[in-house]
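The primary structure of each chain is shown beneath.
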Amino acid sequence: MIPGACRATVLVIGARGFLGSCIAAHLRERGYRVLAGVRSPESGSDEERRCDLSRMMVPEQWDDALQEVDVVVNAAGILRERGAQTFDAVHVRGPVALAQACVGRGVRRFVQVSALGDPRDGEFIASKHRFDAALLEMPLSAVVLRPSVVHAAEGSYGGSSLLRALAALPCGVWLPGDGHWLLQPLDARDLAELVVRAVESDVGGMFEAGGPSPVSLRGYLQQWRKWLRVPGTRVREVPTWLVSLAAAIAEHLGRGPLGATMWRMLRRGNVTAPYAPKRVEAAFGFAPRALAESLLLHPARVQDRWHARLYFLAPLLRAALAGLWLLSGLAGLLAGNTDIAAVTGAALPALPALALARSAAVVDLVLAVWLASGWRTRWALAGMAASVVVYTIAFSLWLPAAWLAPLGGLAKNIVVLPAIAVLWVLDDRR
């Protein structure tokens, strides 16, 4: 914080997210007191406020969150619906109640970070734009920023992580189709600067925000590959029908940023109106930088390459572990007395050995399905690690010769446990 520059108090909704955290940090650097609006505040924290857009649908429910607040910045959003976290709740009804509460409490300014796109591409965009229109009709000093693809050299999330990972794939740049679709990438720090200037101004209306000029998806990925210092410049075009199939599967599974909406947005192009950059500069006195300029100011580190290359390896590792536990469970269920006796020898009587094998098989199958479901993944991984430790100790005591069994035997657990630990770490997406 700048000494002696304590200014207004700003409530940032979605302060733990990719955009919200960057905006909050930028506001603090400029001397503002920032309150983090989050779904689950830490106990005893004076700098966090409970702001659950999916459940706070009445203006009165926002009274506590808005105490001592001068400005609200809404950077919250979801890519997929899950339970109470629906597009209509998080992008429309919750923010409308918040804005109405701001009117009632005399909040000086409301800055909405929306998204650039065509409402026909999906409810993600359509819901964002519905609230944008409702906000600008309220008796409240408000401005809406609609950024194109947001990137950051310091990190990434969601669609920006996916695009960075595509740029780092082996054997060249892998493109959906020929990669001719246009983007207008915007540095997250430049978006944060626009938000700060929007907080400080009284300019109203909607502004599309992007870099100075559009760039093709092909050019975008090539620039990231060069920045990451990943060798190989060959371009490999993936048939669009195959990408459409992958997007449909991802949409059905409800995981990751790839889905029908993102695929439609990409093919339509995600660029601002031709006059938008000049209009933003005239309104806020600031012009966002081009991607190449942003990347030159922040050289890539080895951690950046790790993240980009591990992006696709993480789901592969999860699928491999789930498959291993599935096969182990099926083997335990299908094995007969003779098979089990061949493993246990005289260490256990036939009946207890059979019961133990069946029980362990059921546990393995439950853990396999649990991990594959994606629900509370770390709990499933903890169960897998515990089962490996138990199996290893038990067989080491009863059948120590299993360590020297052909094709690895218990020795394979030396690799399985670190693999589980790695997936545990990679499951942290925030």
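Here the structure is shown first, and the text comes after it.
About the criteria used
Within each chain, residues carry numbers counting from 1 in the order of the written sequence. Whole-chain, interface and lining totals are the exception, using all residues; otherwise, since this is a predicted model, local features are given only for residues with pLDDT of at least 70 and side-chain atom pairs are given and counted only at 80 or more. With hydrogens and water set aside, each side-chain value is computed from the structure's full complement of heavy atoms. Only protein chains enter the accessibility calculation, which uses a 1.4 Å probe; a residue whose area is less than 20% of its type maximum is buried, one above 50% is exposed, and one in between is partly exposed. Each helix is a run of H or I in the DSSP string that is no shorter than four residues. Each strand is a run of E no shorter than two, and both are numbered from the N terminus. Here, strands pair whenever DSSP counts at least two bridges between them. Here the term right-handed applies to a crossover when the path leading from its first strand over the helix to its second strand runs clockwise, the strands being oriented away from the viewer. What qualifies as a polar contact is a pair of N or O atoms within 3.5 Å, subject to a donor-acceptor requirement within protein and to the restriction that residues adjacent in sequence count only when both atoms come from side chains. By definition, residues are in contact when any of their heavy atoms lie within 4.5 Å. Each Phe, Tyr or Trp ring, with Trp reduced to its six-membered ring, pairs with another whose centre is within 6.5 Å; inter-plane angles below 30 degrees give stacked pairs, above 60 give edge-to-face pairs, and intermediate values give tilted ones. Charge over a ring is defined by NZ of Lys or CZ of Arg lying within 6 Å of the ring centre and within 35 degrees of the ring normal.

Novice: Let's hear about the pairing of strand 4 (residues 71-74): which residues, and what values?
Specialist: Burial of the side chains of strand 4 extends over both faces: Val-71 and Val-73 are buried on one face and Val-72 and Asn-74 on the other. Across four bridges, the pairing between strand 1 (residues 9-13) and strand 4 is parallel. When the sheet's bridge partners are listed, Val-12 is paired in strand 4 with Val-73. By the bridge criterion, four bridges tie strand 4 to strand 5 (residues 109-113) in an arrangement that is parallel. Among the inter-strand pairings, Val-73 is bridged to a residue of strand 5, identified as Val-111.

Novice: Please provide a residue-by-residue account of the pairing of strand 6 (residues 142-147), values included.
Specialist: Within strand 6, six of the six residues are buried, which leaves the element mostly enclosed by the surrounding structure. Across the two faces of strand 6 the burial is the same, with Ala-142, Val-144 and Arg-146 and Val-143, Leu-145 and Pro-147 all buried. Of the strand pairs in this sheet, strand 5 and strand 6 are connected by four bridges, and their pairing is parallel. When the bridges of strand 6 are listed, Val-111 appears paired with Val-143. Read from strand 5 through helix 3 (residues 123-136) to strand 6, the crossover connection turns out right-handed.

Novice: Please give an account of the side chain of Ser-127 that cites residues and values.
Specialist: Along the polypeptide, Ser-127 turns up in helix 3. Side chain to side chain, Ser-127 and His-91 meet in a polar contact 2.8 Å long. At a separation of 3.2 Å, a polar atom in the side chain of Ser-127 contacts the main-chain carbonyl oxygen of Phe-124. For Ser-127, the contacting residues outside a window of four places in its chain are Phe-87, His-91 and Val-92.

Novice: Before we move on, can you summarise the side chain of Asp-190 with the specific residues and values?
Specialist: Looking at the element boundaries, Asp-190 is found in helix 5 (residues 188-200). Setting aside residues up to four positions removed in sequence, Asp-190 forms contacts with Phe-286, Pro-288, Arg-289 and Ser-294.

Novice: Talk me through the packing of aromatic side chains; I want residue IDs and the actual numbers.
Specialist: Across all of its chains, the model carries eight aromatic pairs by this definition. Look at Phe-87 and Phe-124: their rings are 6.3 Å apart centre to centre, the planes differ by 65°, and that puts the pair in the edge-to-face class. Remark: Phe-124 occurs in helix 3 and Phe-87 occurs in helix 2 (residues 87-105); sequence separation between them is 37 residues. Owing to a relative accessible area of 9%, Phe-87 belongs among the buried residues under this scheme. By relative accessible area, Phe-124 is classed as buried at 13%. Where Tyr-220 meets Trp-224, the ring centres are 6.2 Å apart and the plane angle is 65°; that geometry is what we call edge-to-face. Here Tyr-220 and its partner Trp-224 are both found in helix 6 (residues 217-228), four residues apart, which amounts to about one turn of the helix. Here Tyr-220 matches Trp-224 in class, with each residue buried. One aromatic cluster is present, built from ring pairs that chain together Tyr-220, Trp-224 and Trp-227. The residue whose ring lies beneath Arg-279 is Phe-207, and the NZ or CZ to ring-centre distance is 4.1 Å. Arg-376 extends its terminal NZ or CZ atom over the ring of Trp-379, reaching a point 4.7 Å from the ring centre.

None of the figures reported here should be taken as evidence of function without further support.
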